[in-house]
Amino acid sequence: MWSWQKRLNERHMAPIRRLVIVLSTTILFLLVLRATIVSSQTADQLQPGFGQALSSVRSAQTAGATPNEIAPLVSLLNKALKLNDQAANADSQMRSQLQTQISQQLASVEAQAGQLESIASQRTFTSNVIAYLSGGVGALIATLAYAYGTSFWRKYRVKRTFQMKISTK
Amino acid sequence: MSLQKRTLVIVFITFLIVFEMAAYVATTPRPREQFYQLYVLGANHMAADYYPNDDPNIRMGDAVRWYVGVTNFMGSVQLVEIRVKLGNQTIQPPDDQHAFPSQAPLVTAFHRFIQGNETWEFPFIWQISNATSSGGIVRILGLQISNQTIQLLNSSAHNGYNFRLIIELWTWNVDSSSFEFGWFAGTEHRIAWLQVWFNATAVH
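Just so we're clear, the structure is a prediction, and the values are computed from it rather than from any experiment.

Along chain B, the regular secondary structure elements total one helix and 13 strands. Element order for chain B, N to C, with α for helix and β for strand: α-β-β-β-β-β-β-β-β-β-β-β-β-β. Overall, the C-alpha framework of chain B stretches about 105 × 35 × 25 Å when taken along its three principal axes. The contacts in chain B between residues at least 6 apart in sequence include a share of 65% that link residues at least 24 apart.

This is the structure we're talking about:
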(Lines give C-alpha, C1' and ligand atoms only; values in the text may rest on other atoms or scores of the structure.)
Protein backbone atom coordinates (compact mmCIF):
# COMPACT_ATOMS: atom_id res chain seq x y z
CA MET A 1 0.00 0.00 0.00
CA TRP A 2 2.76 2.38 1.07
CA SER A 3 4.90 1.64 -2.00
CA TRP A 4 1.88 2.12 -4.28
CA GLN A 5 1.19 5.54 -2.73
CA LYS A 6 4.86 6.45 -3.04
CA ARG A 7 4.87 5.48 -6.71
CA LEU A 8 1.70 7.51 -7.30
CA ASN A 9 3.29 10.55 -5.61
CA GLU A 10 6.42 10.17 -7.73
CA ARG A 11 4.24 9.93 -10.86
CA HIS A 12 2.51 13.20 -9.83
CA MET A 13 5.77 14.86 -8.91
CA ALA A 14 7.49 14.08 -12.21
CA PRO A 15 5.59 16.67 -14.36
CA ILE A 16 5.93 19.28 -11.60
CA ARG A 17 9.66 18.67 -11.40
CA ARG A 18 9.90 18.90 -15.19
CA LEU A 19 7.90 22.14 -15.13
CA VAL A 20 10.18 23.60 -12.45
CA ILE A 21 13.27 22.66 -14.49
CA VAL A 22 11.80 24.16 -17.69
CA LEU A 23 10.74 27.35 -15.87
CA SER A 24 14.10 27.84 -14.14
CA THR A 25 15.97 27.17 -17.42
CA THR A 26 13.77 29.72 -19.21
CA ILE A 27 14.32 32.34 -16.50
CA LEU A 28 18.07 31.68 -16.58
CA PHE A 29 18.11 31.95 -20.37
CA LEU A 30 16.16 35.24 -20.30
CA LEU A 31 18.50 36.67 -17.67
CA VAL A 32 21.56 35.69 -19.71
CA LEU A 33 19.97 37.12 -22.87
CA ARG A 34 19.19 40.41 -21.11
CA ALA A 35 22.74 40.65 -19.79
CA THR A 36 24.12 39.91 -23.29
CA ILE A 37 21.98 42.58 -24.92
CA VAL A 38 22.93 45.24 -22.37
CA SER A 39 26.63 44.42 -22.49
CA SER A 40 26.64 44.37 -26.31
CA GLN A 41 25.46 48.00 -26.24
CA THR A 42 28.31 49.04 -23.99
CA ALA A 43 31.00 47.44 -26.16
CA ASP A 44 32.83 50.46 -27.55
CA GLN A 45 35.67 50.76 -29.97
CA LEU A 46 37.62 53.47 -28.23
CA GLN A 47 41.33 53.25 -27.65
CA PRO A 48 42.28 53.05 -23.94
CA GLY A 49 44.33 56.20 -24.49
CA PHE A 50 41.09 58.23 -24.60
CA GLY A 51 40.32 57.41 -20.98
CA GLN A 52 43.85 58.31 -19.86
CA ALA A 53 43.76 61.58 -21.81
CA LEU A 54 40.38 62.44 -20.31
CA SER A 55 41.70 61.71 -16.80
CA SER A 56 44.74 63.94 -17.35
CA VAL A 57 42.55 66.80 -18.66
CA ARG A 58 40.29 66.42 -15.62
CA SER A 59 43.34 66.51 -13.33
CA ALA A 60 44.42 69.77 -14.96
CA GLN A 61 40.93 71.15 -14.42
CA THR A 62 40.88 70.07 -10.78
CA ALA A 63 44.28 71.74 -10.31
CA GLY A 64 42.63 75.01 -11.36
CA ALA A 65 43.00 75.29 -15.15
CA THR A 66 40.43 77.70 -16.61
CA PRO A 67 37.87 76.74 -19.30
CA ASN A 68 39.84 78.84 -21.82
CA GLU A 69 42.98 76.81 -21.11
CA ILE A 70 41.08 73.51 -21.30
CA ALA A 71 39.28 74.36 -24.58
CA PRO A 72 42.25 73.56 -26.93
CA LEU A 73 42.71 70.17 -25.24
CA VAL A 74 39.01 69.36 -25.64
CA SER A 75 39.25 70.38 -29.28
CA LEU A 76 42.21 68.00 -29.76
CA LEU A 77 40.30 65.20 -28.03
CA ASN A 78 37.34 65.74 -30.36
CA LYS A 79 39.65 65.61 -33.39
CA ALA A 80 41.06 62.32 -32.13
CA LEU A 81 37.50 61.05 -31.63
CA LYS A 82 36.66 61.94 -35.24
CA LEU A 83 39.76 60.08 -36.43
CA ASN A 84 38.66 57.12 -34.32
CA ASP A 85 35.29 57.11 -36.11
CA GLN A 86 37.06 57.26 -39.48
CA ALA A 87 39.32 54.38 -38.45
CA ALA A 88 36.29 52.23 -37.62
CA ASN A 89 35.16 52.38 -41.27
CA ALA A 90 38.59 52.34 -42.94
CA ASP A 91 40.57 49.44 -44.42
CA SER A 92 43.36 47.87 -42.36
CA GLN A 93 46.23 49.97 -43.80
CA MET A 94 44.35 53.23 -43.40
CA ARG A 95 43.20 52.15 -39.95
CA SER A 96 46.74 51.61 -38.70
CA GLN A 97 47.75 55.05 -40.04
CA LEU A 98 44.78 56.68 -38.34
CA GLN A 99 45.46 54.84 -35.11
CA THR A 100 49.03 56.13 -35.13
CA GLN A 101 47.68 59.67 -35.56
CA ILE A 102 45.19 59.13 -32.74
CA SER A 103 47.92 57.86 -30.42
CA GLN A 104 50.08 60.90 -31.26
CA GLN A 105 47.20 63.29 -30.62
CA LEU A 106 46.33 61.63 -27.33
CA ALA A 107 49.98 61.67 -26.23
CA SER A 108 50.09 65.38 -27.10
CA VAL A 109 46.92 66.00 -25.06
CA GLU A 110 48.37 64.14 -22.08
CA ALA A 111 51.65 66.07 -22.27
CA GLN A 112 49.88 69.44 -22.56
CA ALA A 113 47.48 68.53 -19.77
CA GLY A 114 50.43 67.58 -17.54
CA GLN A 115 52.11 70.95 -18.18
CA LEU A 116 48.82 72.76 -17.65
CA GLU A 117 48.26 70.89 -14.39
CA SER A 118 51.63 71.91 -12.95
CA ILE A 119 51.14 75.56 -14.01
CA ALA A 120 47.55 75.64 -12.72
CA SER A 121 48.39 73.98 -9.39
CA GLN A 122 51.24 76.45 -8.82
CA ARG A 123 48.93 79.35 -9.70
CA THR A 124 46.19 78.01 -7.41
CA PHE A 125 48.69 77.60 -4.56
CA THR A 126 49.99 81.17 -5.05
CA SER A 127 46.48 82.63 -5.18
CA ASN A 128 45.50 80.67 -2.05
CA VAL A 129 48.57 81.92 -0.18
CA ILE A 130 47.81 85.49 -1.31
CA ALA A 131 44.16 85.12 -0.24
CA TYR A 132 45.07 83.87 3.26
CA LEU A 133 47.87 86.43 3.64
CA SER A 134 45.57 89.23 2.56
CA GLY A 135 43.16 87.97 5.23
CA GLY A 136 45.90 88.51 7.85
CA VAL A 137 46.85 91.90 6.41
CA GLY A 138 43.17 92.88 6.30
CA ALA A 139 42.78 91.90 9.97
CA LEU A 140 45.84 94.00 10.86
CA ILE A 141 44.54 97.05 8.97
CA ALA A 142 41.09 96.63 10.52
CA THR A 143 42.65 96.42 14.02
CA LEU A 144 44.73 99.57 13.39
CA ALA A 145 41.61 101.32 12.11
CA TYR A 146 39.78 100.19 15.24
CA ALA A 147 42.63 101.43 17.47
CA TYR A 148 42.80 104.82 15.75
CA GLY A 149 39.01 105.08 15.73
CA THR A 150 38.67 104.38 19.46
CA SER A 151 41.56 106.73 20.20
CA PHE A 152 39.96 109.55 18.18
CA TRP A 153 36.61 108.83 19.79
CA ARG A 154 38.16 108.99 23.28
CA LYS A 155 39.94 112.28 22.46
CA TYR A 156 36.72 113.66 21.05
CA ARG A 157 34.80 112.72 24.20
CA VAL A 158 37.49 114.31 26.42
CA LYS A 159 37.43 117.47 24.28
CA ARG A 160 33.64 117.64 24.46
CA THR A 161 33.77 117.14 28.22
CA PHE A 162 36.20 120.04 28.64
CA GLN A 163 34.08 122.24 26.35
CA MET A 164 31.04 121.76 28.56
CA LYS A 165 29.67 124.81 30.28
CA ILE A 166 27.70 124.88 33.45
CA SER A 167 24.71 127.10 33.02
CA THR A 168 22.02 127.95 35.51
CA LYS A 169 18.44 127.26 34.64
CA MET B 1 49.78 93.88 29.32
CA SER B 2 47.45 96.83 29.67
CA LEU B 3 43.73 96.54 29.15
CA GLN B 4 43.93 98.52 25.89
CA LYS B 5 46.57 96.20 24.40
CA ARG B 6 44.62 93.14 25.49
CA THR B 7 41.50 94.56 23.82
CA LEU B 8 43.48 95.19 20.63
CA VAL B 9 44.78 91.60 20.60
CA ILE B 10 41.23 90.26 21.01
CA VAL B 11 39.97 92.58 18.25
CA PHE B 12 42.84 91.47 15.96
CA ILE B 13 42.09 87.77 16.55
CA THR B 14 38.39 88.36 15.87
CA PHE B 15 39.12 90.21 12.61
CA LEU B 16 41.64 87.51 11.64
CA ILE B 17 39.06 84.74 12.07
CA VAL B 18 36.48 86.69 10.04
CA PHE B 19 38.89 87.55 7.20
CA GLU B 20 40.39 84.05 7.00
CA MET B 21 36.93 82.57 6.84
CA ALA B 22 36.15 84.94 3.97
CA ALA B 23 39.40 83.82 2.25
CA TYR B 24 38.45 80.16 2.74
CA VAL B 25 34.99 80.71 1.24
CA ALA B 26 36.49 82.63 -1.70
CA THR B 27 39.12 79.97 -2.51
CA THR B 28 37.05 76.82 -1.96
CA PRO B 29 34.85 75.82 -4.91
CA ARG B 30 31.23 75.36 -3.90
CA PRO B 31 29.73 71.91 -4.42
CA ARG B 32 27.13 71.96 -7.19
CA GLU B 33 24.52 69.54 -8.34
CA GLN B 34 25.92 67.36 -11.11
CA PHE B 35 23.59 66.70 -14.03
CA TYR B 36 23.11 66.86 -17.79
CA GLN B 37 20.41 68.49 -19.83
CA LEU B 38 19.21 66.59 -22.89
CA TYR B 39 16.77 68.04 -25.40
CA VAL B 40 15.28 67.61 -28.85
CA LEU B 41 13.94 70.59 -30.77
CA GLY B 42 11.90 70.68 -33.94
CA ALA B 43 12.81 71.98 -37.38
CA ASN B 44 12.45 75.63 -36.31
CA HIS B 45 14.62 75.25 -33.23
CA MET B 46 11.60 75.21 -30.93
CA ALA B 47 9.77 72.56 -28.94
CA ALA B 48 7.29 72.28 -31.83
CA ASP B 49 7.21 71.33 -35.53
CA TYR B 50 8.71 67.90 -35.00
CA TYR B 51 7.12 66.51 -38.18
CA PRO B 52 7.01 67.80 -41.76
CA ASN B 53 3.71 69.72 -42.24
CA ASP B 54 2.85 68.84 -38.60
CA ASP B 55 1.84 65.37 -39.75
CA PRO B 56 3.21 62.59 -37.51
CA ASN B 57 2.67 60.12 -40.35
CA ILE B 58 6.12 59.99 -41.96
CA ARG B 59 6.28 58.90 -45.58
CA MET B 60 9.26 57.21 -47.19
CA GLY B 61 11.71 59.91 -48.26
CA ASP B 62 10.23 62.63 -46.01
CA ALA B 63 13.19 64.40 -44.42
CA VAL B 64 12.61 65.09 -40.72
CA ARG B 65 14.82 67.73 -39.13
CA TRP B 66 15.43 67.86 -35.40
CA TYR B 67 18.10 69.42 -33.21
CA VAL B 68 19.52 67.26 -30.44
CA GLY B 69 21.48 68.90 -27.65
CA VAL B 70 23.26 68.08 -24.41
CA THR B 71 24.50 70.51 -21.76
CA ASN B 72 27.13 69.37 -19.31
CA PHE B 73 26.58 70.54 -15.72
CA MET B 74 28.97 67.97 -14.24
CA GLY B 75 31.66 70.56 -13.54
CA SER B 76 34.35 68.78 -15.58
CA VAL B 77 35.13 67.62 -19.11
CA GLN B 78 32.95 64.65 -20.07
CA LEU B 79 32.76 62.26 -22.98
CA VAL B 80 29.10 61.82 -23.85
CA GLU B 81 27.33 59.66 -26.39
CA ILE B 82 23.83 60.06 -27.77
CA ARG B 83 22.35 56.70 -28.78
CA VAL B 84 19.35 56.69 -31.07
CA LYS B 85 17.15 53.60 -31.02
CA LEU B 86 14.09 52.70 -33.03
CA GLY B 87 11.29 51.26 -30.97
CA ASN B 88 7.62 50.54 -31.27
CA GLN B 89 4.71 50.43 -28.86
CA THR B 90 5.66 47.09 -27.31
CA ILE B 91 9.40 47.56 -26.81
CA GLN B 92 10.12 48.81 -23.33
CA PRO B 93 11.55 52.32 -23.02
CA PRO B 94 14.49 52.90 -20.63
CA ASP B 95 13.75 51.92 -17.04
CA ASP B 96 13.96 55.06 -14.90
CA GLN B 97 13.78 53.14 -11.65
CA HIS B 98 16.60 50.67 -12.31
CA ALA B 99 18.49 52.84 -14.85
CA PHE B 100 18.34 50.21 -17.61
CA PRO B 101 18.57 51.31 -21.24
CA SER B 102 15.86 50.45 -23.74
CA GLN B 103 16.17 47.08 -25.49
CA ALA B 104 15.14 48.69 -28.79
CA PRO B 105 17.65 48.16 -31.64
CA LEU B 106 20.39 50.75 -31.87
CA VAL B 107 20.20 52.91 -34.99
CA THR B 108 23.17 55.21 -34.59
CA ALA B 109 25.33 56.96 -32.00
CA PHE B 110 27.01 60.36 -31.78
CA HIS B 111 29.77 61.13 -29.29
CA ARG B 112 31.81 64.11 -28.25
CA PHE B 113 33.91 65.55 -25.44
CA ILE B 114 32.18 68.53 -23.83
CA GLN B 115 33.42 70.99 -21.24
CA GLY B 116 31.58 72.00 -18.08
CA ASN B 117 28.63 74.33 -18.82
CA GLU B 118 29.09 73.68 -22.55
CA THR B 119 26.17 72.76 -24.80
CA TRP B 120 26.69 70.42 -27.73
CA GLU B 121 23.92 70.68 -30.26
CA PHE B 122 23.77 69.05 -33.68
CA PRO B 123 21.17 68.77 -36.44
CA PHE B 124 19.60 65.35 -36.62
CA ILE B 125 18.10 64.87 -40.07
CA TRP B 126 16.51 61.52 -40.78
CA GLN B 127 14.19 59.83 -43.24
CA ILE B 128 12.79 56.38 -43.85
CA SER B 129 14.79 55.02 -46.76
CA ASN B 130 13.40 51.49 -46.89
CA ALA B 131 10.26 49.92 -45.49
CA THR B 132 7.93 47.06 -46.32
CA SER B 133 4.39 46.20 -45.44
CA SER B 134 2.84 42.75 -45.35
CA GLY B 135 -0.05 41.30 -43.42
CA GLY B 136 -0.69 44.56 -41.58
CA ILE B 137 2.88 44.72 -40.29
CA VAL B 138 5.07 47.60 -41.41
CA ARG B 139 8.80 46.99 -41.16
CA ILE B 140 11.31 49.82 -41.33
CA LEU B 141 14.37 48.28 -42.99
CA GLY B 142 16.47 51.37 -43.45
CA LEU B 143 16.86 54.88 -42.11
CA GLN B 144 18.95 57.61 -43.66
CA ILE B 145 20.54 59.78 -41.00
CA SER B 146 22.62 62.76 -42.10
CA ASN B 147 23.46 61.22 -45.51
CA GLN B 148 24.31 57.86 -43.99
CA THR B 149 22.04 54.91 -44.68
CA ILE B 150 21.55 52.51 -41.81
CA GLN B 151 20.12 49.02 -42.30
CA LEU B 152 17.74 47.87 -39.59
CA LEU B 153 16.28 44.59 -38.44
CA ASN B 154 13.33 43.81 -36.19
CA SER B 155 11.75 47.25 -36.34
CA SER B 156 8.09 46.70 -37.03
CA ALA B 157 4.74 48.04 -35.95
CA HIS B 158 1.15 46.99 -36.44
CA ASN B 159 -0.20 48.92 -39.46
CA GLY B 160 2.77 51.27 -39.10
CA TYR B 161 1.39 52.95 -35.98
CA ASN B 162 3.42 54.07 -32.97
CA PHE B 163 7.02 53.81 -33.95
CA ARG B 164 9.28 55.87 -31.74
CA LEU B 165 12.83 57.13 -31.84
CA ILE B 166 14.37 56.81 -28.39
CA ILE B 167 17.30 59.11 -27.65
CA GLU B 168 19.46 58.02 -24.73
CA LEU B 169 22.35 59.79 -23.03
CA TRP B 170 25.39 57.62 -22.28
CA THR B 171 28.58 58.84 -20.61
CA TRP B 172 32.12 57.53 -20.49
CA ASN B 173 33.08 55.95 -17.19
CA VAL B 174 36.83 56.33 -16.66
CA ASP B 175 36.96 53.55 -14.06
CA SER B 176 35.30 50.89 -16.23
CA SER B 177 36.65 52.34 -19.55
CA SER B 178 33.27 52.03 -21.21
CA PHE B 179 30.14 54.01 -21.88
CA GLU B 180 27.45 53.63 -19.24
CA PHE B 181 23.81 54.58 -19.49
CA GLY B 182 23.28 57.86 -17.65
CA TRP B 183 25.75 59.07 -15.06
CA PHE B 184 26.56 58.93 -11.37
CA ALA B 185 25.98 62.02 -9.22
CA GLY B 186 27.74 60.86 -6.08
CA THR B 187 26.30 57.41 -5.49
CA GLU B 188 23.03 58.12 -7.29
CA HIS B 189 22.65 56.66 -10.79
CA ARG B 190 20.72 59.09 -12.96
CA ILE B 191 19.57 58.75 -16.55
CA ALA B 192 18.30 61.06 -19.29
CA TRP B 193 16.34 59.95 -22.31
CA LEU B 194 13.72 61.24 -24.72
CA GLN B 195 11.38 59.72 -27.25
CA VAL B 196 9.44 61.05 -30.23
CA TRP B 197 6.58 59.01 -31.60
CA PHE B 198 5.71 58.76 -35.28
CA ASN B 199 3.64 56.65 -37.64
CA ALA B 200 4.74 55.06 -40.90
CA THR B 201 1.36 54.11 -42.29
CA ALA B 202 1.96 55.42 -45.80
CA VAL B 203 5.09 53.47 -46.71
CA HIS B 204 3.27 50.72 -48.59
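So, about the environment of B:Ile145. Residue and element names in this part refer to chain B. Here Ile145 is to be found in strand S6 (residues 137-145). Exposure remark for Ile145: the 16 C-beta atoms within 10 Å place this residue in the partly exposed category. In this structure, the C-alpha to C-alpha distance between Ile145 and Ser178, residues 33 residues apart in sequence, is 25 Å. Leaving out residues up to four positions away in the same chain, Ile145 has contacts with Val107, Thr108, Trp126 and Ile150.

What follows deals with the interface of chain B and chain A. At the junction of the two partners, chain B supplies 27 residues and chain A supplies 32 residues. Residue assignment for the side of chain B that touches chain A shows that the elements contributing at least two residues are helix H1 (3-27), strand S4 (106-114) and strand S10 (178-181) of chain B. In terms of residue class, the side of chain B that touches chain A is made up of 17 nonpolar, seven polar and three charged.

One can expect most non-glycine residues to show negative phi and most peptide bonds to be in trans. Residues and elements named next belong to chain B. Backbone geometry at Asp54 places phi at a positive 55°, although glycine is not the residue there. Following the sequence through the fold, Asp54 ends up in the loop between strand S1 (35-41) and strand S2 (64-73). Unlike most non-glycine residues, Ala99 shows phi in positive territory, near 60°. Note on placement: Ala99 falls in the loop between strand S3 (78-87) and S4.

We now examine the packing of helix H3 (residues 67-89) of chain A against helix H4 (residues 92-162) of chain A. Residues and elements named next belong to chain A. In contact at an axis separation of 9 Å, H3 and H4 are set at 165° when each is read in the N-to-C sense. It follows from the interaxial angle that H3 and H4 lie roughly antiparallel. H3 and H4 meet at a crossing whose hand is left-handed. Contact with H3, carried on its side by Glu69, Leu73, Leu76, Leu77, Lys79, Ala80, Leu83, Asn84, Gln86 and Ala87, involves Arg95, Leu98, Gln99, Gln101, Ile102, Gln105, Leu106, Ser108, Val109, Gln112, Ala113 and Leu116 of H4 and no other residues of that element. Counted by class, the contact of H3 with H4 contains 12 nonpolar, seven polar and three charged residues.

What follows is about the pairing of strand S5 (residues 119-134) of chain B. Residues and elements named next belong to chain B. Relative to S5, S2 is paired through eight bridges, and the arrangement is antiparallel. Considered in S5, the bridge of Gly69 is made with Glu121. In terms of strand pairing, S5 meets S6 through eight bridges, oriented antiparallel. Counterpart to Thr132 in the pairing with S6 is Arg139. Counting the residues that bridge the hairpin from S5 to S6 gives two residues, and of these Gly135 lies at a positive phi of roughly 60°.

What follows concerns the domain arrangement of chain A. Domain annotation of chain A identifies domain 1 (48-121) and domain 2 (129-158). Using only C-alpha atoms to locate each centre, domain 1 of chain A and domain 2 of chain A end up separated by 52 Å.

This brings us to the nonpolar core. Nonpolar side chains in soluble globular proteins generally cluster together in the buried interior. Membership of the largest hydrophobic core comes to 54 residues, with the highest contact counts inside it found for A:Val57 and B:Ala200. At seven residues, the largest contribution of residues to this core is made by strand S9 (residues 163-173) of chain B. Ignoring sequence-local partners within four residues, the contact set of B:Ala200 consists of B:Ile58, B:Ile128, B:Ala131, B:Val138, B:Ile140, B:Gly160 and B:Phe163.

Here we come to the environment of A:Ser127. By the secondary structure assignment, A:Ser127 is in helix H4. Sequence separation between A:Ser127 and A:Ser55 is 72 residues; the distance between their C-alpha atoms is 24 Å.

What follows is about the environment of A:Val57. Tracing the backbone through its elements, the reader meets A:Val57 in helix H2 (residues 48-62). Owing to 26 C-beta atoms within 10 Å, A:Val57 belongs among the buried residues under this scheme. Sequence separation between A:Val57 and A:Leu133 is 76 residues; the distance between their C-alpha atoms is 30 Å. When residues no more than four places from it in sequence are discounted, the contact partners of A:Val57 are A:Ile70, A:Leu73, A:Val109, A:Ala113 and B:Val77.

Looking now at the domain arrangement of chain B. Here the domain parsing of chain B yields domain 1 (1-30) and domain 2 (35-198). Inter-centroid distance (C-alpha atoms) of domain 1 of chain B to domain 2 of chain B is 56 Å.

Take the confidence of the model for chain B next. Taken over all residues, the pLDDT of chain B has a mean of 92, while the share at 70 or more is 99%. Considering each helix and strand of chain B separately, the mean pLDDT is smallest for strand S7 (residues 148-151) of chain B, with a value of 89, and largest for S1(B), with 97.

All right, on to the packing of H2(A) against H4(A) then. Residues and elements named next belong to chain A. Taken N-terminus to C-terminus, the directions of H2 and H4 make an angle of 20°; their axes are 8 Å apart at the nearest point. Here H2 lies roughly parallel to H4, going by the angle between them. Crossing hand, H2 versus H4: left-handed. For the pair formed by H2 and H4, the contact residues are Gly49, Phe50, Gln52, Ala53, Ser56, Val57, Ser59 and Ala60 on the first element and Ser103, Leu106, Val109, Glu110, Ala113, Gly114, Leu116, Glu117 and Ala120 on the second. Broken down by class, the residue content of the contact of H2 with H4 amounts to nine nonpolar, six polar and two charged.

The rules behind these values
Residues numbered from 1 in each chain as written. Chains lettered and ligands numbered in written order. Predicted model: local features only at pLDDT ≥ 70, side-chain atom pairs only at ≥ 80, totals over all residues. Helix = DSSP H or I, 4+ residues; strand = E, 2+ residues; numbered from the N terminus. Contact = placed C-beta atoms within 7 Å. Buried ≥ 20, exposed ≤ 12 C-beta atoms within 10 Å, placed from the backbone. Nonpolar A, V, L, I, M, F, W, Y, C, P; charged D, E, K, R; others polar. Axes fitted to C-alpha atoms, helices over the stretch in contact; angles between N-to-C directions. Parallel < 35°, antiparallel > 145°, perpendicular 65-115°, else oblique. Left-handed = near helix turned anticlockwise from the far one by under 90°. Pairing = 2+ DSSP bridges. Domains from an automatic or database assignment. Core = buried A, V, L, I, M, F, W, Y, C linked by C-beta atoms within 7 Å. pLDDT = per-residue confidence, 0-100.

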